[in-house]
Structures are given as C-alpha cells and as structure tokens.
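# Analysis of the macromolecular model
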Amino acid sequence: MERGKFISFEGIEGVGKSTNIDVLVKCIEASGRQVLTTREPGGTPLAEEIRELLVGHGDEQMSEIAELLLVFAARSQHVNNVILPALEAGKWVVCDRFSDSSRAYQGGGRGIPMDTIDRLADWVHGDTWPDLTILLDAPVEVGMERANKRGAPDRFEREQHDFFERTRECYLQLANAEPGRFTVIDANRNLADVRADIVLLAEKLIASS
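The structure contained in this document is the topic of the report that follows. Sequence positions are assigned chain by chain, starting from 1 and proceeding in written order. The predicted nature of this model means local features are confined to residues of pLDDT at least 70 and side-chain atom pairs, given and counted, to a pLDDT of 80 or more, with totals for whole chains, interfaces and linings taken over all residues. Heavy atoms from the whole structure form the basis of all side-chain values; hydrogens and water molecules are not counted.

### Observations regarding the packing of aromatic side chains
Pairing of aromatic side chains here covers Phe, Tyr and the six-membered ring of Trp, requires ring centres within 6.5 Å, and sorts the geometry by plane angle: under 30 degrees stacked, over 60 edge-to-face, intermediate tilted. Evaluated as defined, the whole model comprises seven aromatic pairs. Aromatic pair Phe6 and Phe98: ring centres 5.1 Å apart, planes at 80°, arrangement edge-to-face. With a gap of 92 residues between them, Phe6 in strand β1 (residues 6-10) and Phe98 in the loop between β3 (92-96) and α4 (99-109) connect regions that are remote in the sequence. For the residue pair Phe6 and Phe98, the accessibility class agrees, reading buried in each case. Judged by centre distance (6.0 Å) and plane angle (85°), the rings of Tyr105 and Phe156 are edge-to-face. Residue Tyr105 is found in helix α4, and its partner Phe156 is found in the loop between α6 (140-148) and α7 (161-177); the two are separated by 51 residues along the sequence. Neither Tyr105 nor Phe156 differs from the other in exposure class; each is buried. Members of the aromatic cluster, joined through ring pairs, are Tyr105, Phe156, Phe163, Phe164 and Tyr171. In DSSP terms, a helix is any run of H or I states spanning at least four residues, a strand is any run of E spanning at least two, and both are numbered starting from the N terminus. Note on classification: 1.4 Å probe, protein chains only; a residue is buried when its accessible area is under 20% of the maximum for its type, exposed when over 50%, partly exposed between these limits.

### A few points about the pairing of β3
Among the five residues that make up β3, five are buried, leaving the element largely enclosed by the rest of the structure. What you see with β3 is no split at all: Trp92, Val94 and Asp96 on one side and Val93 and Cys95 on the other are buried throughout. For two strands to count as paired, DSSP must find a minimum of two bridges between them. Direction of pairing for β1 relative to β3: parallel, over a ladder of four bridges. Its bridge partner lying in β3, Phe9 is registered against Asp96.

### What about the layout of surface pockets?
Unoccupied space between atoms shows up once a probe the size of one water molecule is rolled over them. Space inside the largest pocket adds up to approximately 500 Å³. Think of a 1 Å grid over the protein atoms and nothing else: a 1.4 Å probe that fits but is trapped marks a cavity, an open set flanked by protein within 12 Å on at least five of seven lines marks a pocket, and residues with an atom within 4 Å of a point count as lining. Along its surface, the largest pocket is lined by 28 residues, and Glu13, Lys17, Glu40, Arg51 and Arg97 are the ones closest to its centre. Only α1 (17-30), α2 (45-55), α3 (64-88) and α4 provide two or more residues apiece to the lining of the largest pocket. Gly is put with the polar residues, along with every residue not named as nonpolar or charged; the nonpolar set is Ala, Val, Leu, Ile, Met, Phe, Trp, Tyr, Cys and Pro, and the charged set is Asp, Glu, Lys and Arg. Broken down by class, the residue content of the lining of the largest pocket amounts to nine nonpolar, eight polar and 11 charged. In this structure, the second largest pocket is lined by 15 residues; those nearest its centre are Gly58, Glu60, Gln61, Met62 and Arg155. Of the residues assigned to the lining of the second largest pocket, the class counts are two nonpolar, five polar and eight charged. Grid points are joined across faces, edges and corners, and a volume is the space filled by probe spheres set on the points.

### Concerning the sheet that holds strand β4 (residues 132-137)
A sheet is described by the order of its strands in space; here five strands give the open sequence β2-β3-β1-β4-β5, paired in parallel fashion. A strand with exactly one partner marks an edge of an open sheet, and here the two such strands are β2 (35-39) and β5 (182-186). Strand-to-strand twist across the sheet, computed as the mean angle between neighbouring axes with direction ignored, equals 20°. Here, two residues are considered to be in contact whenever any of their heavy atoms come within 4.5 Å of each other. Axis geometry follows a simple rule: fit a line to the C-alpha atoms, using only the stretch in contact for helices, then measure angles between N-to-C directions, giving values from 0 to 180 degrees. Lying over the sheet, α7 contacts β1, β4 and β5, oriented at roughly 140° with respect to β4.

As structure tokens, this is what we get:
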C-alpha cells in the first residue's frame, strides 16, 4: 500500500491554524483520500494528559528543559501510536504542530540550543518529518489580538510579546532553511484570501500524488 502524505501546520498563536486545517482536510477528502486530523501536543490519551500539564497554569514553575522533554514524550506516543500507523495504512495525516513547534517555541522562544532539540527529534521520530509544512505567518500583535478573543489564555498564550517575536522569527528562519518542505502563507489577510491559498495548495498536492 502506498504510504500516505504527512502535512503539518505551524505558526504562532492566533494565525488561524484550526480554520485552515479544516479547509485543507475537506479538499483532500473530496479527492477520495482518507485523512487523519490530529494535534500536538496530544493526539493520544496519554499525550493529551501531557498536554494538560503543558498548557495548564500549575502552581509550580515548569523549567524549560522539563517543558521540552514533556513535549517530546507526548510526541513519541503520538508518532508511534497514531501518525506512523496511519501513514503506513495509506492515510494522509494533517497535524496541528509537530517538531518545528519545538524548534520555534523551545528553541527560538526559550533559547534552548537547536542541536539539543534536533537530537531529541532524531531520537523520538528519526526521519519521520512532514512531507509539507504550512507556516501561517502574521505579526505578533495580530496573532495575539485574535488569540485573546478565544477566551482565557493558556500557559503559552500568557508569554510576553518578545517571546512570540523570537518564536515567529525562528519559524521564518526554519522556512528559509528548508524551502522544499515549507510553504509560508501570509495569514495577515482576510480569511477568504488565506482560504484560497490553502485550496490552491491542496490542489497541487493532490495533483502531484
């Protein structure tokens, strides 16, 4: 059986990942392909429990290394129990965040050395990287304004403006370093324009597979 495609969505808070994931998934499903939609951190019962630790507002301060290790613990469960079985069964997997989030948030945002993160990524999922990573990019102030309308902020959303500036810059650097995998879409536009770009991208993906 032909292996499925692995697609990830990335970006800072408030760039519209959930909405545009839905658009992409509907386009792929309309072509007759099976699609699994999932997210990180999370995607399995245990990984979802780890997610609650990561996004919650616990009384105890979480160290940067503890945060990174928890993210990759959840990712290990997710890759082995959900992502790889789906790909091997021929399904397309569309994931809200993957290891590029660790590079951007824990690397760019927190300042953890990138080689440390990449060693963990190699250990946890080896060469299982997305075939395509869609980076939805918008200025930090735009993303934060949108995110603040969603309700009470989680632990990450409560970070300062400078943290998200570093995170966004890291994302753009990653996209520049791997143009064959990343597609950057300007999310600082109205939803109809972003949706049109997603539809065009989906049509190209389907045509090339």
